[in-house]
Amino acid sequence: MATPTPGRVQRAPENFLAPADIAEVAAGRRGFLRAALVAASAGVAATAARASQGDPAILNLPEHTRGLGQPVAARAYGLPSKHEESLQRRESPGLTRVGAASVSFAPLQGFFGIITPNGLHFERHHQGWWDIDPTRHRLMINGLVKEARVYTMDDLMRLPSVSRMHFIECGANTGMEWGNVAVPTVQYTHGMLSCCEFTGVPLSVLLDECGFDKKRGKFVLAEGADGSSMTRTIPLDRALDDVIVAWAMNGEMLRPENGYPLRLVVPGIQGVSWVKWLRRIEVGDKPWGSKDEVLHYVDLMPDGLHRQYTSIQECKSVITTPSGGQQLLQKGFHNVSGIAWSGRGKVKRVDVSFDGGKNWQTARLETPVLTKCLARFNIGWEWKGGPAILQSRAMDDTGYVQPKLRQLREVRGARSIYHNNAIQSWKVAESGEVSNVQV
Amino acid sequence: MSRFDRRGLETGGWGLVIAALVWCALPAVAQSRFPGVGRPATPAEVKAWDIDVRPDFTGLPKGSGSVALGMKVWDEKCASCHGTFGESNEVFTPIVGGTRPDDIKTGRVKALVTGDYPQRTTLMKLSTLSSLWDYINRAMPWNAPKSLTIEEVYAVTGYILHLGDIVPADFVLSDANIREVQNRLPNRNGKSQLHGLWDVRGKGDVQNAACMKECEKSVTVTSSLPDYARNAHGNLRDQNRLIGPVRGIVTASRGEAARTVAAAHPGRALADQHACMACHGVTHKVVGPALNDVKAKYAGKLDAATLAANIRKGGVGVWGAVPMPAQTGLSEADAKTLADWILAGAQ
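Since the model is a prediction, treat every value here as computed from it, not as a measurement.

Trainee: Any chance you could explain the nonpolar core here in plain terms?
Mentor: Note that soluble globular proteins tend to have their nonpolar side chains buried in a common cluster. Counting 97 residues, the largest nonpolar core has Leu156(A), Leu207(A) and Ile281(A) as the members making the most contacts within it. Three or more residues apiece are contributed to this core by two domains, here domain 1 (103–307) and domain 2 (316–436) of chain A. Not counting chain neighbours up to four residues away, the residues in contact with Leu207(A) comprise Ile141(A), Phe212(A), Val220(A), Leu236(A), Ala239(A), Leu240(A), Ile281(A) and Val283(A). The next biggest cluster of nonpolar side chains, apart from the first, holds 44 residues, and it includes Val53(B), Trp74(B), Leu132(B) and Tyr159(B).

Now the structure itself:
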């Protein structure tokens, strides 16, 4: 069992060092530091403290300590610090050829806790996104109902609303990795995943209002208002359970890229069913077999059959810090942190291995742990400078244990694009470099 | 009477009027828990939006369309993205290919078992014909969805089936014969719903055990990123925070790193916004010519205003047989920016 080393590992003056310099520090050669500190303070005023007296970041009072800051509302809608620009949604080069039918991945490597900031929520559009005028948006409910009805946004937002935290994961998340390692970082392996507090009216309320046919009604169709008019079939019992017709995420209205002003929230189910720019719900007695239920989002099995309507996002987890494409700066204590989730319920436990799956330790689950929601786990680890392979393995409250990649392949082969919930391996090299590997 | 009293009265008055209107309008939902919220849809409204067609062809409008008309529509509106024979892999995955006459007999596409066809095409996966008809009707053409007539939707559907040797060249697909054609789909028996991944209470098909000690005899790395792909996703240094316990690995050389942060020409954003890059590559031909080839041909010979006008007009013949549609949604100013960008050597 790794013993956490108490206290600060990274010393303050090293924070401005280039990687090559960090390597010098790691190698125990600190003599050059004095020269570096002198250089760092050479440009400042004559009152600059001498490096030998301490850290110039402390001794030379910076401008923000000696001057006047900016007024309130200088940015009417706040923005992240300019120093955080590196964390952005990004496309995976070569994955798609048309930006309007593509994916941008959320930078999981930089997230804390379980909530995804709205501006960094992953995107998947099938025919481009729109910023729809909410005063002209309508939701229609028809099919096997006593009365087909139309709701404006005004109508919907008058109804009793619920706010619930849920993850949304694309069915193709980690899909590039079925056959072999294809991408370098957790942003690209797992970044079609986000988690928000969604606010809206339960779909069951609207179905009740329209008098849905309780005998013949077996499924609902959700349809979007965009050019693709995305259509997905949802079993009626699911629709009546915890599905929400939502207008808000994380306390503000949905972002246009995420379906403003209205989207469906289908907890535990793959993202494609969370129809954006939702315009219509139809109650019916059979599945609709839409294009994205017949040609895509179908899982090819070794016998050549495609599994259809594979919707549940089964229990899965991934370590986000440290993760592929990152470098550990020093030996010693590290807080290994990651996220776990299950489309069937709550995460019950997460185990972490530092030796490629030979031995496991149970990580600490942070609260809250909610159903069909991301859970954050943490575990202390002392890196002694040797090679290691980090893995996490989640269990949910049904008793299901996240599988190894080879267990998935034994049943489903390696040609499926969808529903890869395998244990992820990150290799830590002696240099501190972390890379994506499969074992 | 105070101002507030009057307002209270007015509100109450309006409330009565609204309640009365609701009472007249919504007799069918007198049991509503939320009176006054929402209204009945008119038959015309339902007809305008309820366009879905199910696998049993519920919802399919009456009509027909010939393969011959389908070819005409295809060449005008579809071929630029999907290729003349629906075989193109340049913009979207191919529609046609990988099916054999035997598959039509069995209803199972053999290439999906053997894996000996490089792509999984639309016709290899298609099990319900309604899905193809419905999708063309609701979402095609790519930049003008829902603009085809019912006849054209039948025609294009029929043409795709003809390209896959499922129906003959003189075929006319219609609501009367579409069920027969369904029974010829090469992969009509190629789907399974026998799995635990639809019902939330279903059982998963792959199970691991929560072993804690000595769970593996040995651990071997079976796959990792090759060195040449190290920088395929850009400089990872720039994709990680500059504080904290880790940094992003520097995967780009100094020069490459500088390029990734260089300010992009506004033409690039316009090209993405107007889906130019669906048909044009910067350095390589896609459906249309590479933008750098356009520069090579016209730089110094054609001014940006003329090129901008050509972009808006569209055309055919200069770069091959595939027409470029007119870009009616593109303003003159934006077209000029695009032309400047192209002639400056688009990046």
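That shown, we press on.
Trainee: Hey, could you run me through the domain arrangement of chain A in this one?
Mentor: Residues and elements named next belong to chain A. Per the domain assignment, the segments making up chain A are domain 1 (103–307) and domain 2 (316–436). The distance between the C-alpha centroids of domain 1 and domain 2 comes to 27 Å. The interface of domain 1 with domain 2 comprises 43 residues on the first partner and 38 residues on the second. With both chains or domains summed, domain 1 and domain 2 bury close to 3,400 Å², and 56% of this area falls on carbon and sulfur atoms. Its largest share of buried area at the contact with domain 2, domain 1 owes to Ile-114, Phe-167 and Trp-178, together 24% of the area lost on that side. One can count two salt bridges joining domain 1 with domain 2. Inspection of the domain 1/domain 2 interface yields 21 residue pairs in polar contact (both at pLDDT 80 or more). Of all the elements in the fold, those that place two or more residues in the side of domain 1 that touches domain 2 are strand S5 (162–169), helix H6 (186–190), strand S6 (193–202), helix H8 (236–241) and strand S13 (299–300).

Trainee: Can you walk me through the pattern of salt bridges in this structure?
Mentor: Pairing between side chains of opposite charge can happen when their charged atoms approach one another. Using the criterion set out here, one finds 40 salt bridges over all chains in the structure. The partner of Glu223(A) in a salt bridge is Arg138(B), and the shortest N-O contact between them spans 2.7 Å. With one member in each of two chains, Glu223(A) in strand S7 (residues 219–224) and Arg138(B) in helix H7 (residues 129–139) form a pair that bridges those chains. An identical accessibility class is assigned to Glu223(A) and Arg138(B); each is buried. Each of the salt bridges in this network shares a partner with another, and the network as a whole consists of Glu223(A), Arg279(A), Arg280(A), Glu282(A), Asp50(B), Asp52(B), Asp134(B) and Arg138(B).

Trainee: Would you mind showing me how to read the sheet that holds strand S15 (residues 316–321) of chain A here?
Mentor: Strand pairing in a sheet takes place through backbone hydrogen bonds and is either antiparallel or parallel in direction. Residues and elements named next belong to chain A. With antiparallel pairing, the four strands of this open sheet are ordered in space as S15-S17-S21-S20. The open sheet has two edge strands, S15 and strand S20 (364–365), and neither has a second partner. Of the pairings in the sheet, the one linking S20 to strand S21 (residues 375–383) comprises two bridges and is antiparallel in character. Opposite Arg-364, over in S21, you have Asn-378 as the bridge partner.

Trainee: Would you mind showing me how to read the pairing of strand S22 (residues 388–396) of chain A here?
Mentor: Consecutive side chains along a regular strand alternate between the two faces of the sheet. Residue and element names in this part refer to chain A. In terms of residue burial, S22 counts as a mostly covered element, since nine of its nine residues are buried. Burial along S22 is two-sided: the face carrying Ala-388, Leu-390, Ser-392, Ala-394 and Asp-396 and the face carrying Ile-389, Gln-391, Arg-393 and Met-395 are both buried. Pairing analysis gives four bridges linking S22 to strand S23 (residues 425–428), with the strands arranged antiparallel. Among the inter-strand pairings, Gln-391 is bridged to a residue of S23, identified as Ser-425.

Trainee: Got a minute to help me understand the interface of chain B and chain A in this structure?
Mentor: Frequently, the measure chosen for interface size is the accessible area that the parts lose on association. Each side of the interface is counted separately: chain B has 103 residues, and chain A has 124 residues. Both faces combined, the contact of chain B with chain A buries some 9,700 Å², and carbon together with sulfur accounts for 53% of it. One can count 12 salt bridges joining chain B with chain A. The closest approach of N and O atoms between Arg412(A) and Asp205(B), which form a salt bridge, is 2.7 Å. At the boundary of chain B with chain A, the tally comes to 67 residue pairs in polar contact (both at pLDDT 80 or more). Looking at the side of chain B that touches chain A, the element that brings in the most residues is H7(B), giving four residues. Among the residues making up the side of chain B that touches chain A, the classes are represented as 45 nonpolar, 31 polar and 27 charged. Bridge analysis of strand S16 (residues 326–328) of chain A against strand S6 (residues 246–248) of chain B gives three bridges, and the strand direction is antiparallel. Across the sheet, Leu328(A) pairs through a bridge with Val246(B), a residue of S6(B).

Trainee: Just checking my understanding: could you explain the packing of helix H11 (residues 266–273) of chain B against helix H14 (residues 332–343) of chain B for this structure?
Mentor: Describing two packed helices takes the angle between their axes plus the distance from one axis to the other. Residue and element names in this part refer to chain B. Their axes nearest at 8 Å, the elements H11 and H14 cross at an angle of 115°. For the crossing formed where H11 meets H14, the hand is left-handed. Residues Pro-266, Gly-267, Arg-268, Leu-270 and Ala-271 of H11 touch H14, and the partners they reach there are Asp-334, Thr-337, Leu-338 and Trp-341. Taken together, the residues of the contact of H11 with H14 break down into five nonpolar, two polar and two charged.

Trainee: Would you mind going over the state of the cysteines with me for this structure?
Mentor: Here is the idea: a disulfide is a covalent bond, and it sits between the sulfur atoms of two cysteines. Residues and elements named next belong to chain B. Under the defined criterion, the tally for this structure stands at one disulfide over all chains. Cys-211 shares a disulfide with Cys-215; S-S distance 2.1 Å. On the S-S bond that ties Cys-211 to Cys-215, the torsion sits near -95°, and the link is left-handed. Cys-81 supplies the cysteine sulfur nearest to Cys-78, a cysteine that is in no disulfide, at a spacing of 8.9 Å. The exposure class assigned to Cys-78 is buried, which follows from its relative accessible area of 13%.

Trainee: I'm lost on the sheet that holds strand S18 (residues 347–353) of chain A in this one. Help?
Mentor: If you trace the six strands from one edge of the open sheet to the other, you get S19(A)-S18(A)-S22(A)-S23(A)-S24(A)-S5(B), paired in antiparallel fashion. Each end of this open sheet is capped by a strand with a single partner; those strands are strand S19 (361–362) of chain A together with strand S5 (223–224) of chain B. Direction of pairing for S18(A) relative to S22(A): antiparallel, over a ladder of six bridges. Considered in S22(A), the bridge of Asp351(A) is made with Arg393(A).

Calculation rules
Residues numbered from 1 in each chain as written. Chains lettered and ligands numbered in written order. Predicted model: local features only at pLDDT ≥ 70, side-chain atom pairs only at ≥ 80, totals over all residues. Heavy atoms only, no water. Core = buried A, V, L, I, M, F, W, Y, C linked by side-chain atoms within 4.5 Å. Buried < 20%, exposed > 50% of the residue type's maximum accessible area, 1.4 Å probe, protein only. Domains from an automatic or database assignment. Contact = heavy atoms within 4.5 Å. Buried area = accessible area lost by both parts, 1.4 Å probe. Salt bridge = Lys/Arg side-chain N within 4 Å of Asp/Glu carboxyl O. Polar contact = N/O pair within 3.5 Å; in protein donor to acceptor, adjacent residues only side chain to side chain. Helix = DSSP H or I, 4+ residues; strand = E, 2+ residues; numbered from the N terminus. Pairing = 2+ DSSP bridges. Nonpolar A, V, L, I, M, F, W, Y, C, P; charged D, E, K, R; others polar. Axes fitted to C-alpha atoms, helices over the stretch in contact; angles between N-to-C directions. Left-handed = near helix turned anticlockwise from the far one by under 90°. Disulfide = S-S within 2.5 Å.

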